[in-house]
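Results of the structural survey
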Amino acid sequence: MAVSKAIREEEGIIFAPTAFVDHNDRKAGSHQTIIASRVHSVPVPVEIALCLQDNTDDDILARFRELPSASAKTESINEIAQVYLRNTGILLRYRCLIVLAKLISVLNDDHAGGGAPHHVYAHLGEVFGTYPSDAVGLVTLLRAEAANQLRALIESKLTHRVLISSLQITKSLVRLGLPVRLDLGMGGVSDIPPYCFEHHGTCVNVPVLLNGQHPISVTAQTISQPYFHLVSKDLGVELVVTDWSALGRPPRPLRFHCAVLSYFRAQVPDFDTFEHVYARLGTGIRIETDSRLPPGTGLGVSSLLSSGVLGVLTTMFGFPLNSSDLVSASVYLEWATGIGGGWEDATALVPGVKFLETTPERPFSPCATPVNLDDAGLRRLQEHLLLINTGVVRQDDSFISDLMDRYCLRDPDTLRCVGQITELNRRLPAHLEACDLEAIGQTMSEQWRDWRRCSNDRCTNAIINELFSELEPFVHGVRMNGIGQGGCAMLILRQAAYRAHVQQIVHAVLGPSALWYDWQPVLRGGSGAIECGQRA
């Protein structure tokens, strides 16, 4: 199939046709595009499609903007559609869809909202069997299909499929207490698909109790009524499930419960029909979650709720999953509920201070390397590392989706910032083992600066900036936990004696909404505190 239909001359540039060959057979440099310019050389439409198919780090958006005309840009879009049509690899197809959506939006904006040339839809109509009437409809269609492709790819990377072959309750009551994770070295987007499918993901964290308690608890118990009773105790929401269809339209506070139940149902063959379940079990099940933390703290609560619900269910049925399986499943559940996170949050299930790393071959199975922080060093870190819930509510986390779009477009600043965050994670364990508080704090602040650049400053806001500015003379470093914009901040004091003064600054800037957490590391044990009762 020829990419360029014919040699044509436009605005002084002659384009020679270039043929696609199978991606697996093609070697770097096998494509050649002949450019003859009467004035100067400019990018050729086919080059962007080749950058995608070759998976190079060329800046696709910059190349697109350099194309000399609207028709050249339209041709480039159609070339990318051909890459999508000719390849079966899910990751490449996903990236093609994201790139197409962005380039069509840019082309439409260049036309001042008047719409891109209609023939830009030609190949895309062939793919989807429908022809949207405008660019907005087309972009919506492309993004929806991209989300489907990514979910399918995530599911294909799970570490297990069918969990058990029969349906039998072995424990009538399971209670699970869970810590949250303190991300000493942030994952950024290195733990999030699709980045982790192509690069190593890294972070440094430790599971912690807050004020001496597990912040999250999950309970599953048998009940006499013939249904599933789903409860979010802290949010005061309940749902009685008497039909599987109810799982597809849950109240927002119960989306984790329903996503896990749907996932669990898909893994167990005997869960096919609702009536069959009750006939086999002879009982209903109540699943209750309780979080002592408000939403949006940046401590990984959503992933841990999903992992906790799955953990109590599998334990109740006699096949408890290990932390690796729960971490892997949590990524899928995050995407199934529309949150779209990575693997870092659920690694609070792995005890100890550790450096975590995944490979593209095993993107959801982090290898944990313990950080050898002795007791004296750990006590010193606890004295100097303060954890504050700012009370600032995250307003918009869509910047993560935008950031991943820029990654798919191979934006140089995004690639550079994520790479720097990852490199800082690799250096952090040595600073922790030496209990070098100044270096630990500097690492926090450097990662925060990189994350601000990476997110185009959407990870912060005026009140967070004011707080960090006021704290600067008294801390070695400061950073938000998680993706930022609200929730919890952590800081490293220059001197332990500054604690009272720093607390005054925090309350002066944030007011009474700020909360202080005393944190205690979970250094050994399994995935939380489990209490079980036997089936009578």
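Remember, it's a predicted structure, so these values are computed and weren't measured experimentally.

1. Quick look at unusual backbone geometry
In this structure, the amide linkage connecting Pro193 to the following residue, Pro194, adopts the cis form with an omega of 5 degrees. Secondary-structure assignment places Pro194 in the loop between β5 (180–185) and α7 (195–198). Residue Asn55 is not a glycine yet carries a positive backbone phi of 55 degrees. Tracing the sequence through the fold places Asn55 in the loop between α1 (45–54) and α2 (60–66).

2. Here's the deal with the sheet that holds strand β14 (residues 475–480)
An order of β14-β15-β13-β16 is seen for the four strands of this open sheet, with the pairing classed as antiparallel. A strand with exactly one partner marks an edge of an open sheet, and here the two such strands are β14 and β16 (515–517). Shown here is a sheet whose adjacent strand axes are inclined to one another by a mean of 25 degrees, direction ignored. The pairing of strand β13 (residues 385–389) with β16 spans three bridges and is classified as antiparallel. In the sheet register, Asn389 faces β16, and the bridge partner there is Leu515. The sheet contacts of helix α12 (residues 375–384) involve β13 and β15 (488–493), and relative to β13 the element is tilted by about 40 degrees.

3. Some points on the side chain of Lys73
Mapping Lys73 onto the fold places it in helix α3 (residues 70–86). By relative accessible area, Lys73 is classed as buried at 12%. In this structure Lys73 touches Phe64, Arg65, Leu67, Leu107 and Asp110, once residues within four positions along its chain are discounted.

4. Brief notes about the environment of Ala329
Mapped onto the elements, Ala329 comes out in helix α11 (residues 323–336). With a relative accessible area of 0%, Ala329 lands in the buried category. Spatially, the C-alpha atoms of Ala329 and Val260 are 9.2 Å apart, while their sequence positions differ by 69 residues. Once residues within four sequence positions are removed from consideration, Ala329 is found in contact with Leu158, Tyr263 and Leu310.

5. Examining the pairing of strand β12 (residues 362–370)
If a strand is regular, its side chains alternate between the two faces of the sheet. As paired strands, strand β11 (residues 354–359) and β12 are joined by five bridges and run antiparallel to one another. Along β12, the bridge assignment pairs Phe355 with Thr369. Counted along the chain from β11 to the antiparallel partner β12, the turn is two residues long.

6. Details of helix α17 (residues 499–510)
The end-to-end C-alpha distance of α17, which contains twelve residues, comes to 16 Å, matching closely the 16 Å that a straight helix rising 1.5 Å per residue would cover. Lining the buried residues of α17 we find β13, α16 (462–471), β15 and β16. Immediately beyond the C-terminal end of α17, within one or two residues, lies Gly511, with a positive phi of roughly 80 degrees.

7. Quick look at the nonpolar core
One finds Phe228, Phe317 and Trp451 to be the most contacted residues of the largest nonpolar core, which totals 159 residues. For this core, the element with the most residues is helix α4 (residues 90–110), which contributes twelve residues. Those residues in contact with Trp451 that lie beyond four places of it in its chain are Met186, Gly188, Val189, Phe399, Ile400, Leu403, Ile421, Cys459, Gly482 and Ile483.

8. Considering the pattern of salt bridges
One pass over the full model with this rule turns up 15 salt bridges. Between Glu357 and Arg426 there is a salt bridge whose closest N-O contact spans 2.8 Å. Remark: Arg426 occurs in helix α14 (residues 412–433) and Glu357 occurs in strand β11; sequence separation between them is 69 residues. The closest approach of N and O atoms between Arg458 and Asp402, which form a salt bridge, is 2.4 Å. Taken together, the residues Arg458 in the loop between α15 (437–454) and α16 and Asp402 in helix α13 (residues 399–408) connect sequence positions 56 residues apart. Residue classification places Arg458 among the partly exposed residues on the basis of a relative accessible area of 28%. The network of salt bridges with shared partners includes Glu47, Asp58 and Arg63.

Rules used throughout
Residues numbered from 1 in each chain as written. Predicted model: local features only at pLDDT ≥ 70, side-chain atom pairs only at ≥ 80, totals over all residues. Heavy atoms only, no water. Helix = DSSP H or I, 4+ residues; strand = E, 2+ residues; numbered from the N terminus. Pairing = 2+ DSSP bridges. Axes fitted to C-alpha atoms, helices over the stretch in contact; angles between N-to-C directions. Contact = heavy atoms within 4.5 Å. Buried < 20%, exposed > 50% of the residue type's maximum accessible area, 1.4 Å probe, protein only. Expected span 1.5 Å × (residues − 1). Core = buried A, V, L, I, M, F, W, Y, C linked by side-chain atoms within 4.5 Å. Salt bridge = Lys/Arg side-chain N within 4 Å of Asp/Glu carboxyl O.

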